[in-house]
Amino acid sequence: MKKVVLILCICYALVTKAQTTVYDTIVSGGVKRSYILYVPAIYNASHPTPLVFNFHGYTSTNSQQAFYANFSPVADTANFIIVLPQGLSTGGSTGWSNFGSIASASGDINFISNLIDTLSTQYNVNANRVYSTGMSNGGFMSYDLACFLNNRFAAIASVAGSMVSSHVTSCNPARKIPV
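Residues numbered from 1 in each chain as written. Predicted model: local features only at pLDDT ≥ 70, side-chain atom pairs only at ≥ 80, totals over all residues. Heavy atoms only, no water.

Peer 1: Account for the nonpolar core, naming residues and giving values.
Peer 2: Ranked by size, the top nonpolar core spans 28 residues in total, and within it Phe53, Ile112 and Phe153 carry the most contacts. For this core, the leading source of residues is helix H4 (residues 102-122), giving 7 residues. When residues no more than four places from it in sequence are discounted, the contact partners of Ile112 are Phe53, Phe55, Pro85, Met141, Leu145, Leu149 and Phe153. In terms of nonpolar packing, the next biggest core, distinct from the first, is built from 7 residues, Ile36, Val52, Ile82 and Leu84 among them. (Core = buried A, V, L, I, M, F, W, Y, C linked by side-chain atoms within 4.5 Å. Buried < 20%, exposed > 50% of the residue type's maximum accessible area, 1.4 Å probe, protein only. Helix = DSSP H or I, 4+ residues; strand = E, 2+ residues; numbered from the N terminus. Contact = heavy atoms within 4.5 Å.)

Peer 1: How would you summarise the state of the cysteines if you had to cite specific residues and measurements?
Peer 2: Applying the stated criterion to the full structure yields 1 disulfide. Here Cys147 connects covalently by a disulfide to Cys171, the sulfurs 1.8 Å from one another. Across the S-S bond linking Cys147 and Cys171, the dihedral sits near -95°, which makes this disulfide left-handed. Residue Cys147 is located in helix H5 (residues 137-148), and its partner Cys171 is located in the segment after helix H6 (165-170); the two are separated by 24 residues in the primary sequence. According to the relative accessible area criterion, Cys147 is buried, its value standing at 8%. Using a relative accessible area of 23% as the deciding quantity, one classes Cys171 as partly exposed. (Disulfide = S-S within 2.5 Å.)

Peer 1: Hey, could you go over the environment of Pro85 for me, with residue numbers and the actual values?
Peer 2: By the element assignment, Pro85 lies in strand S4 (residues 81-85). Spatially, the C-alpha atoms of Pro85 and Thr61 are 8.7 Å apart, while their sequence positions differ by 24 residues.

Peer 1: Residue-level account of the sheet that holds strand S3 (residues 49-55), with values.
Peer 2: Spatial strand order, S1-S2-S4-S3-S7-S8: 6 strands in an open sheet with mixed pairing. Each end of this open sheet is capped by a strand with a single partner; those strands are strand S1 (20-28) and strand S8 (155-159). Taking each pair of neighbouring strands and ignoring which way they run, the sheet shows an average axis angle of 25°. Sheet topology places strand S7 (residues 125-135) next to S8; 5 bridges connect them, and they run parallel. (Pairing = 2+ DSSP bridges. Axes fitted to C-alpha atoms, helices over the stretch in contact; angles between N-to-C directions.)

Peer 1: Explain H5 to me, using residue names and the numbers behind them.
Peer 2: Here H5 is 12 residues long and its end C-alpha atoms lie 16 Å apart, about the 16 Å a rise of 1.5 Å per residue gives. Counting buried positions along H5 gives 10 out of 12 residues, so the element sits mostly inside the fold. Residues Asn137, Gly138, Gly139, Phe140, Met141, Ser142, Asp144, Leu145, Ala146 and Cys147 constitute the buried set of H5. (Expected span 1.5 Å × (residues − 1).)

In structure tokens:
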């Protein structure tokens, strides 16, 4: 009887889906960049799935942002994948390099574009339903993506963040993006 119960438990574990949290890295622009990925249990690889970027604020981390935002329960019911990229450390604090010139922001923008490409090869991402949100400096990053990577994002939502004035004058997106 114990063997039957053990076999049933193993079979159940193999067929039961569970959410997945992945801590991974990619190399972008010659720099190793990290991210956290949350895939809900209801994800089905045969169906294109929305992808939501969630950016942390200045001096924060992607782990802290995952805790603050707590999008996982929503993703579990609404069926979207969450990716929380990690900003680089500059001067002892982590963040996104979009406070300076557009040239300084380009490394982060390229990282996000590369990350979309990477995740799209590993998961069935709906390319028409890629979204961005962020807190403070992460909100600034979302605005930059709406301007300078607008061909990859469907919409953005910023929390306590805006655009750097020098980026506003350079922002000329090929298409409008809902904010």
